[in-house]
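# Secondary and tertiary structure notes
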Amino acid sequence: MRTFSIVKPDAVAAGNTGAILQALEAAGFRIVAVRMVRMTKAEAEGFYAVHRERPFFSSLTDFMSSGPAVVMALERDDAISELRRLMGATNPADAAPGTIRARFASSIEHNAIHGSDAPETAAFELGYFFPGVELS
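The following refers to the structure shown. (Residues numbered from 1 in each chain as written. Predicted model: local features only at pLDDT ≥ 70, side-chain atom pairs only at ≥ 80, totals over all residues. Heavy atoms only, no water.)

With that out of the way, let us pick up helix α7 (residues 119-129). For α7, the complete set of buried residues consists of Ala122, Glu125, Leu126 and Phe129. Projected down its long axis, α7 shows its buried positions confined to an angular sector of 100°, all on one face. Facing away from the buried side of α7, by more than 90 degrees, are the exposed residues Glu120 and Ala123. Those residues of α7 that are buried lie in contact with β1 (2-7), β2 (30-37), α3 (41-47), β3 (69-75), α5 (79-87) and β4 (113-115). (Buried < 20%, exposed > 50% of the residue type's maximum accessible area, 1.4 Å probe, protein only. Helix = DSSP H or I, 4+ residues; strand = E, 2+ residues; numbered from the N terminus. Arc of directions from axis to C-beta. Contact = heavy atoms within 4.5 Å.)

Structure representation (structure tokens):
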């Protein structure tokens with residue numbers, strides 16, 4: 001099974017990209033595709049369009065377009081649920097010890113990593129950042 005993930009701008013700026021990639025691989029994820037991006041505000045708004053009516057939409061898209069991020073296609077059995085478990089709770093204060101957010105996130109918004117929450121979401125997100133790419 002395949003899923004999508006982003007090492008967010010806060011984690012990239014803090015120099016945690018390598019440690020996060022290492023945690024993913026140690027958890028059995030195969031990195032199928034990876035690239036660094038610098039989203040424009042419009043790209044961030046398109047990616048997070050499902051949250052357009054939420055009060056945090058503007059600050060989220062500002063943050064996601066504030067610096068480089070690393071986007072990835074990941075693969076393993078039960079990829080979506082296993083990535084969600086490894087990431088930890090959205091609010092790092094609630095994240096289980098050893099999870100990526102417990103280790104690297106500083107706040108509910110600057111929470112180091114994004115991961116798809118369902119197969120349909122993963123399909124959209126993979127297509128958004130890897131259009132026309134044959135992911136093997």
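From this point, things continue past the structure.
The next thing to look at is the side chain of serine 65. Mapped onto the fold, serine 65 is located in the loop between α4 (57-64) and β3. A polar contact of 2.8 Å, which involves the side chain of serine 65, links it to the backbone oxygen of threonine 61. Residues contacting serine 65, with those up to four places away along its chain left out, are Arg38, Met39, Thr40, Lys41 and Ala44. (Polar contact = N/O pair within 3.5 Å; in protein donor to acceptor, adjacent residues only side chain to side chain.)

On to the pattern of salt bridges, then. In the structure shown here, the tally under the stated rule is 4 salt bridges. When the shortest N-O distance is used, the salt bridge between glutamate 75 and arginine 2 registers 2.6 Å. With a gap of 73 residues between them, glutamate 75 in strand β3 and arginine 2 in strand β1 connect regions that are remote in the sequence. Between arginine 30 and glutamate 75 there is a salt bridge, with the nearest N and O atoms lying 2.8 Å from each other. Of this pair, arginine 30 sits in strand β2 while glutamate 75 sits in strand β3, and the two are 45 residues apart along the sequence. What makes arginine 30 partly exposed here is its relative accessible area of 41%. Take glutamate 75: its relative accessible area is 23%, and that puts it in the partly exposed class. A single salt-bridge network, built from bridges that share partners, covers Arg2, Arg30 and Glu75. (Salt bridge = Lys/Arg side-chain N within 4 Å of Asp/Glu carboxyl O.)

For the rest of this paragraph, the subject is the pairing of β3. In terms of burial, β3 is a largely internal element, 6 of the 7 residues being buried. One ladder, built from 6 bridges, connects β1 with β3; its direction is antiparallel. Across the sheet, isoleucine 6 pairs through a bridge with valine 71, a residue of β3. Across 7 bridges, the pairing between β2 and β3 is antiparallel. Each residue of the ladder has a partner; that of arginine 30, found in β3, is glutamate 75. (Pairing = 2+ DSSP bridges.)

Let us look at the nonpolar core. Core analysis: the largest hydrophobic core is formed by 20 residues, its most contacted members being Phe4, Ile6, Met64, Phe129 and Phe130. Within the residue set of this core, elements represented by two or more residues are β1, β2, α3, α4, β3 and α7. If you tally residues by element for this core, the top one is α4, at 4 residues. Residues contacting phenylalanine 130, with those up to four places away along its chain left out, are Phe4, Ala33, Val34, Arg35, Val71, Met72, Ala73 and Leu135. Core analysis: the next-biggest nonpolar cluster, separate from the first, contains 19 residues, Val70, Met72, Ala79 and Ile113 among them. (Core = buried A, V, L, I, M, F, W, Y, C linked by side-chain atoms within 4.5 Å.)

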